[in-house]
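# A structural walkthrough
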Amino acid sequence: MAATIRRQRPGRLACWAVMAVLLADLLALSDTLAVMSVDLGSESMKVAIVKPGVPMEIVLNKESRRKTPVTVTLKENERFFGDSAASMAIKNPKATLRYFQHLLGKQEGNPHVALYRARFPEHELGFDPQRQTVHFQISPQLQFSPEEVLGMVLNYSRSLAEDFAEQPIKDAVITVPAFFNQAERRAVLQAARMAGLKVLQLINDNTATALSYGVFRRKDINTTAQNIMFYDMGSGSTVCTIVTYQTVKTKEAGMQPQLQVRGVGFDRTLGGLEMELRLREHLAKLFNEQRKGQRAKDVRENPRAMAKLLREANRLKTVLSANADHMAQIEGLMDDVDFKAKVTRVEFEELCADLFERVPGPVQQALQSAEMNLDEIEQVILVGGATRVPKVQEVLLKAVGKEELGKNINADEAAAMGAVYQAAALSKAFKVKPFVVRDAVLYPILVEFTREVEEDPGVRSLKHNKRVLFSRMGPYPQRKVITFNRYNHDFNFHINYGDLGFLEPEDLRVFGSQNLTTVKLKGVGESFKKYPDHESKGIKAHFNLDESGVLSLIRVESVFETLVEDSPEEESTLTKLGNTISSLFGGGTTADTKENGTDAVQEEEESPAEGSKDEPGEQAELKEEAEAPTEDTSQPPPAEPKEDAAPEEEKAAEKENEEKSEAQKPSEKKETGSEGVPPAPEEEKKQKPARKQRMVEEIGVELVVLDLPDLPEEELARSAKKLQDLTLRDLEKQEREKAANSLEAFIFETQDKLYQPEYQEVSTEEQREEISGRLSAASTWLEDEGFGATTVMLKEKLTELRKLCHGLFFRVEERKKWPERLSALDNLLNHSSMFLKGARLIPEMDQIFTEVEMTTLEKVINETWAWKNATMAEQAKLPATEKPVLLSKDIEAKMMALDREVQYLLNKAKFTKPRPRPKDKNGTRAEPPLNASDQAEKVIPPPGQTEDAKPISEPEKETPGSEPADAEPLELGGPGAEPEQKEQPTGQKPTLKNDEL
């Protein structure tokens, strides 16, 4: 028994651990029952949510629109977002910020910063010397970085989602352009941190669109690969993506659909905004020509006029997509002069001729990166608002050589729907059908380092090495490990972008710094001194490219191995129990991990970095420098990855699983041997082969960011506090405005009511004059001093006026309720009296109500009649200006008391079983009720027999020829007996029971 208990104890521990995990998950889910996605475009954004009972839904903004402008108006004391900010762009263009995402992750010398200044000269861009970036200088005291402005927009999007979902939301998936580099992606993550959002993933907008397309066409995906091209031309940029759909076998869920990004091409500045700017310039030129002889100023020097022209250009572009020509007109464009001009589609196409020539460019880039041709593309699908321009479709259709372009998805909302599906899949609160997403690395990343080599005896030189970490178009997320074998002292290595030759020279200038980070290692020499007798297995650097496409260095460690003899006598009972418990959780112990608490490198799902293509002559040395080490030298080393292709994630995982299984074979053999072979003598136990013990020492890391320094934690906290204070200020302002509006509305409504007949009837002239005077004083105070009044003062003033008018409003409301309440009371009294009269007419034999019950009901009816008549008589004597004695709440209380008595008797009549009638003259008994099997009838005793006597039970059914063992002869047909009715005479009706009430 003791042995049984010992065997069950680890199982109990496992059960308790599982219960603890489930409880923790439930507690975590309590705050994350809804998730959101933000499709962050250049011009507008779409917000979608998923919550219990609401599967993927687009959020409506305060104007009940599904699309919200990404516009912010910043003043000294207030902020505006969305459509309100867009309307403020004409009144205050300097304080209205738009298209600020183009400045994310850009330093001051970036060509995009100069382009932004040229497009929007009304904005003053200041210089941040610490990060070499720019910020918006609204006023001398008011300045905001692009990350802070984006944080405001994200916070506003969350408020829209929370209002729509009616619950708090913290988790979000945000879309970003596929061409965003590391600095731009980190800037978006910092903006989300300022807004207090937990970013589940930064998903590329083209990937989100492809996911939405695949989710709603899951049944059409099979093992045959389908290549679909998505051409997305939005307001600020254009991205072309080639995606392959097919079903693949997964370890967790079997065969599941998968999308894999095969190729990406883009143009950072080709979009609807550039077309609108061309139209704006054309309209400004026409307006200047109309006023040429009037010595007027150039309209381009007036920011408000240019904002009006840009809005009209946006409308004109939309109209010309469906019409051959249209009349552009603006009232009071500048100096109270109206503008009116006719623009044709031909003129518009001539203005944007060079833009239309760039339409096929992203298609060719995507085909080259995917190493495919147009014949392999099954369909080209249009995404984005700018693809609605007819000329864009015409040029694109000619470039792809297809019969038609696909328009079978929502061009505006596809990315938002795909992102919210991914948010639900990543959240713990929802379970969705699996859809495997394999995004692609757009910019390759490599590791560079130098080391000393001895070319000739006594001659040493430095050799520069490059190692590709994540290759172009390789899948992510994934982890990689690089091992440095020839260093025994502190050294540095660099993480940079790889070959960017596929980018145009202008794109390279916009791209920014190609150097990412310098990693300085500290403590390498100390680790070698700490383990002088151990064999070094190199310095291992663990890298992670996460779901958001952001690269991070997880850790750097120095690994050593040595041979030790395994002595089973040293393993205590507690250690054995710990190993057993660990095995229950799938963490089987190996010889290495028993002696050292740190995790082995091979236990992580990481693949060795592939070789570089740039320097074929360095392959031998690079292989030695950066190959992934094997766990045991006695086993055959794993095959090196191919130098011309990036290893797939599955291959890497299988390779590591093989390494794990190979590493665990010696221990498994030991266990099977101990169970199947009889115990050896004590001398043979001690003589066991030596095993390898691994020691891992953590190495200190200092990172020097080279592309764009991140905001320090103190600065980030300060920005978050600034945004939070602005949000609180906005909430206080909304609360004050609500209180002021309520006070003003009460004053006007009450002043109007004083002249209505129903209010004059219940008030005297003096009372109305007093109320009117107080209302006029409050109105004057609100106009003179209300602007500086606080929310508390406004609420107190409203409470004071309501208290003054309470008696007047109460008398009017009571008189309005009297007819309905009194009519209902009369009906209830009449019906109750009729019910009581009918109850008293029931024969005594069938009576189900007691005399006390009927007397109680009669008493309540009489008391209610008496109260009603007395109260109405008293009320008739009072003037209308006095407080009434006939109150609606008293009428309702009387009705509830009377209704309670009636309902009690009705329920009793409903559930009371009727008494059975005695047998008729023919000796037959009453017809049994339909549910005779469930209800027992009370038997009427014969004369001379008391009620306590038990009735004679009917004999049990028995088979012919059989007799129960304890059967007694029964005498049938006696007085009071119920003979079994076998057959009724013809024409005789059965005796019926009395009808229930």
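Residues numbered from 1 in each chain as written. Predicted model: local features only at pLDDT ≥ 70, side-chain atom pairs only at ≥ 80, totals over all residues. Heavy atoms only, no water.

### Thoughts on the overall build of the chain
Counted only if it meets this: Counting from the N terminus, the helices are the DSSP runs of H or I reaching at least four residues and the strands are the DSSP runs of E reaching at least two. Relative accessibility thresholds used throughout: buried, under 20% of the residue-type maximum; exposed, over 50%; partly exposed, between the two (1.4 Å probe, protein chains only). In this description, contact between two residues means that some pair of their heavy atoms is separated by no more than 4.5 Å. Throughout, the Shrake-Rupley method with a 1.4 Å probe supplies accessible areas, and for residues the shown protein chains are the sole cover considered.
Along its length, the chain carries 26 helices and 30 strands. Out of the 997 residues in the chain, the part that is buried amounts to 44%. Restricting the contact set of the chain to residue pairs at least 6 apart, pairs at least 24 apart contribute 73%. If you sum the accessible surface of the chain, you get close to 54,400 Å²; carbon and sulfur atoms cover 51% of it.

### Observations regarding the nonpolar core
If you look at soluble globular proteins, the nonpolar side chains tend to sit buried side by side. This is how the line gets drawn: Buried residues of nine kinds, namely Ala, Val, Leu, Ile, Met, Phe, Trp, Tyr and Cys, make up a nonpolar core once their side-chain atoms join them within 4.5 Å.
In terms of nonpolar packing, the biggest core is built from 128 residues, with F230, Y245, F484, F493 and F543 touching the most fellow members. Apart from residues lying up to four places away in sequence, F230 is in contact with T209, A210, Y213, V239, C240, T241, V243, Y245, I381, V383 and I409.

### A look at the pattern of salt bridges
Definition in use: For this analysis, a salt bridge means a side-chain nitrogen from Lys or Arg found within 4 Å of a carboxyl oxygen belonging to Asp or Glu.
A complete count under the given rule lists 46 salt bridges for this structure. Ionic pairing is found between K46 and D39, a salt bridge with its closest N-O pair at 3.9 Å. Accessibility classification places K46 together with D39 in one group, the buried group. Between D298 and R300 there is a salt bridge, and its shortest N-O distance comes to 3.1 Å.

### So, empty space enclosed by the protein
Rule in force here: Any residue with an atom within 4 Å of a point lines the site, the site being either a cavity, points on a 1 Å grid over the protein atoms alone where a 1.4 Å probe fits but cannot get out, or a pocket, an open set with protein on both sides within 12 Å along at least 5 of 7 lines. Grid points are joined across faces, edges and corners, and a volume is the space filled by probe spheres set on the points. Here the term charged refers only to Asp, Glu, Lys and Arg, the term nonpolar to Ala, Val, Leu, Ile, Met, Phe, Trp, Tyr, Cys and Pro, and the term polar to all other amino acids, Gly among them.
Tallied over the entire structure, the rule returns ten cavities of 30 Å³ or more. For the largest cavity, the calculated volume is near 180 Å³. Here the residues of the lining of the largest cavity sort into eleven nonpolar, five polar and two charged.

### Description of the pairing of strand 8 (residues 125-128)
Keep this limit in mind: At least two bridges found by DSSP between two strands are what make those strands a pair.
Sheet topology places strand 8 next to strand 9 (residues 133-139); four bridges connect them, and they run antiparallel. Along strand 9, the bridge assignment pairs D128 with T133. Count of turn residues in the strand 8/strand 9 antiparallel hairpin: four residues, of which Q132 carries a positive phi of about 60°.

### Details of the sheet that holds strand 6 (residues 79-81)
Spelled out, the test is: Axis lines are fitted through C-alpha atoms, for helices just across the contact stretch, and the angle between N-to-C directions can take any value from 0 to 180 degrees.
Taken together, the three strands give an open sheet; going across it, the order is 6-5-7, and neighbouring strands pair in antiparallel fashion. Each having just a single partner strand, strand 6 and strand 7 (96-98) make up the two edges of the open sheet. Averaged over all adjacent pairs, the angle separating strand axes in this sheet is 20°, with direction ignored. Direction of pairing for strand 5 (residues 71-74) relative to strand 6: antiparallel, over a ladder of three bridges. Directly across from V72, in strand 6, lies its bridge partner F81.

### Focus: the sheet that holds strand 9
Hydrogen bonds between backbone groups are what pair the strands of a sheet, and the pairing can be parallel or antiparallel. Across the sheet, which stays open at both edges, the three strands sit in the order 8-9-10 with antiparallel pairing between neighbours. Every interior strand has two partners, whereas the edge strands, strand 8 and strand 10 (142-144), have only one. Direction aside, neighbouring strands of the sheet carry axes that sit 40° apart on average. Its contacts with the sheet put helix 4 (residues 146-165) on strand 9 and strand 10, and the angle it makes with strand 10 is roughly 85°.

### Considering the packing of helix 21 (residues 713-753) against helix 24 (residues 791-840)
For the record, the criterion: Here the angle decides the label: under 35 degrees means roughly parallel, over 145 means roughly antiparallel, 65 to 115 means roughly perpendicular, and every other value means oblique. Note on convention: near helix rotated counterclockwise from far helix by under a right angle means a left-handed crossing. Clockwise means right-handed.
Relative orientation of the contacting elements helix 21 and helix 24 amounts to 25°, with a least axis distance of 9 Å. Between helix 21 and helix 24, the angle is such that the two are roughly parallel. In the packing of helix 21 onto helix 24, the handedness of the crossing is left-handed. Where helix 21 approaches helix 24, its residues E732, E735, R736, A739, A740, S742, L743, F746, I747, T750 and K753 are matched on the opposing element by T791, L794, K795, K797, L798, L801, R802, C805 and F809. Each residue belonging to the contact of helix 21 with helix 24 can be placed in one class, and the counts come to ten nonpolar, three polar and seven charged.

### A look at the packing of helix 4 against helix 21
In the contact formed by helix 4 and helix 21, the axes pass within 10 Å of each other and the chain directions differ by 45°. Taken together, the axes of helix 4 and helix 21 lie oblique to each other. Every pair of crossing elements has a handedness; the one defined by helix 4 and helix 21 is right-handed. For the pair helix 4 and helix 21, the contacting residues are E148, G151, M152 and N155 in the first and S719, K722, L723, L726 and T727 in the second. Partitioned by chemical class, the residues of the contact of helix 4 with helix 21 number three nonpolar, four polar and two charged.

### Describing helix 21
The cut-off we apply is this: Expected helix span is taken as 1.5 Å per residue step, with the number of steps being one fewer than the number of residues.
With 41 residues, helix 21 should cover 60 Å at 1.5 Å per step; its first-to-last C-alpha distance of 59 Å lies within 8% of that length. Taken together, the buried positions of helix 21 are L716, S719, L723, L726, D730, A739, A740, L743, F746, I747 and T750. Looking at the buried positions of helix 21, the neighbouring elements they touch are strand 6, strand 10, helix 4, helix 5 (182-194), helix 23 (765-784) and helix 24.

### A few points about unusual backbone geometry
Backbone torsion omega between Y476 and P477 reads 10°, so that peptide bond is classified as cis. In this fold, P477 is placed in the loop between strand 22 (475-476) and strand 23 (478-484). One non-glycine residue, Y99, lies in positive phi territory at about 55°. Summarising the element assignment, Y99 is placed in the loop between strand 7 and helix 3 (111-119). A positive phi is found at E166, a non-glycine position, where the angle reads about 60°.

### Considerations on helix 23
For the record, the criterion: Within this analysis, the arc is defined by the directions that extend from the helix axis to the C-beta atoms.
Taking 1.5 Å per residue, 20 residues should reach 28 Å; helix 23 reaches 29 Å between its end C-alpha atoms and fits that length. Residues of helix 23 that are buried: R768, I771, L775, A778, S779, W781 and L782. When helix 23 is viewed along its axis, its buried side chains cluster within an angular range of 160° and face the same direction. Projecting away from the buried face of helix 23 at angles above 90 degrees are the exposed residues E766, E769, E783 and D784.

### Focus on the packing of aromatic side chains
Keep this limit in mind: Stacked, edge-to-face and tilted labels apply to pairs of Phe, Tyr and Trp rings (six-membered ring for Trp) whose centres lie within 6.5 Å, assigned for plane angles under 30 degrees, over 60, and everything in between, in that order. By definition here, charges over rings are those cases where NZ of Lys or CZ of Arg is within 6 Å of the ring centre and within 35 degrees of the ring normal.
The tally for this structure, following the rule as stated, stands at 26 aromatic pairs. Both rings, one in Y443 and one in F511, keep their centres 4.7 Å apart while their planes meet at 75°; by these two values the pair is edge-to-face. Separated by 68 residues along the polypeptide, Y443 in the loop between strand 19 (436-440) and strand 20 (445-456) and F511 in helix 14 (residues 505-511) bring together distant segments of the chain. You'll find Y443 and F511 in the same group, each marked buried. Linked through ring pairs, F449, F484, Y487, F491, F493 and F543 together constitute an aromatic cluster. Stacked on the ring of F502, the Lys or Arg R472 has its end atom at 3.6 Å from the ring centre. The aromatic ring of W781 is capped on one face by K797, whose charged end is 5.0 Å from the ring centroid.

### A few points about a negative patch on the surface
Filter applied, for reference: Patch construction takes residues with relative accessible area above 30% that form no salt bridge. Like charges are linked within 9 Å, and nonpolar side chains (Val, Leu, Ile, Met, Phe, Trp, Tyr) are linked within 5 Å. Just so you know, the count uses Lys and Arg for positive and Asp and Glu for negative, and it drops His and the chain ends. The location of each charge is read from NZ of Lys, CZ of Arg, CG of Asp or CD of Glu.
The grouping of E744, E783, D784 and E785 at the surface amounts to a negative patch. Looking at the secondary structure, you find E744 in helix 21. Among the residues examined, E744 registers a relative accessible area of 36% and is labelled partly exposed.

### Brief notes about the pairing of strand 11 (residues 171-176)
Basically, it comes down to this: The handedness rule is simple: strands pointing away from the viewer, and a clockwise path from the first strand over the helix to the second, make the crossover right-handed.
Among the six residues in strand 11, six count as buried, and that is most of the element. On strand 11, burial covers both faces: D171, V173 and T175 on one face and A172, I174 and V176 on the other are all buried. The sheet contact formed by strand 1 (residues 35-40) and strand 11 spans three bridges and is parallel. Across the sheet, the residue bridging to S37 is V173, located in strand 11. The pairing of strand 11 with strand 12 (residues 198-204) spans six bridges and is classified as parallel. Residue pairing in the sheet places D171 in a bridge with K198 of strand 12. Chirality of the crossover, the property in question, places the unit of strand 11, helix 5 and strand 12 among those that are right-handed.

### Some remarks on the confidence of the model for the chain
Under the convention used in this document: Values of pLDDT, which run from 0 to 100, indicate the predictor's confidence residue by residue.
For the chain, the mean per-residue pLDDT works out to 80, and 76% of the residues sit at or above 70. pLDDT under 50 marks residues 25-31. Its contacts with residues more than four places away, or in other chains, come to three contacts. Across residues 923-997, confidence stays below pLDDT 50; counting only partners more than four residues off in sequence or on other chains, it has 50 contacts.

### Examining the side chain of S157
Mapped onto the elements, S157 comes out in helix 4. With a relative accessible area of 0%, S157 lands in the buried category. In this structure S157 touches M36, V38, M45 and V47, once residues within four positions along its chain are discounted.

### So, the environment of E735
For clarity, the cut-off: Whenever a nitrogen or oxygen atom comes within 3.5 Å of another N or O atom, the pair is scored as a polar contact, on the condition that within protein one atom can donate a hydrogen and the other can accept it, and that pairs from neighbouring residues in sequence are kept only if both atoms are in side chains.
Within the secondary structure, E735 sits in helix 21. Classification of E735 by relative accessible area gives partly exposed; the value is 36%. Residues E735 and T791, spaced 56 residues apart in sequence, show a C-alpha to C-alpha distance of 7.0 Å. Ignoring sequence-local partners within four residues, the contact set of E735 consists of T791 and K795. In this structure the side chain of E735 is engaged in a polar contact, spanning 3.1 Å, whose partner is the side chain of K795.

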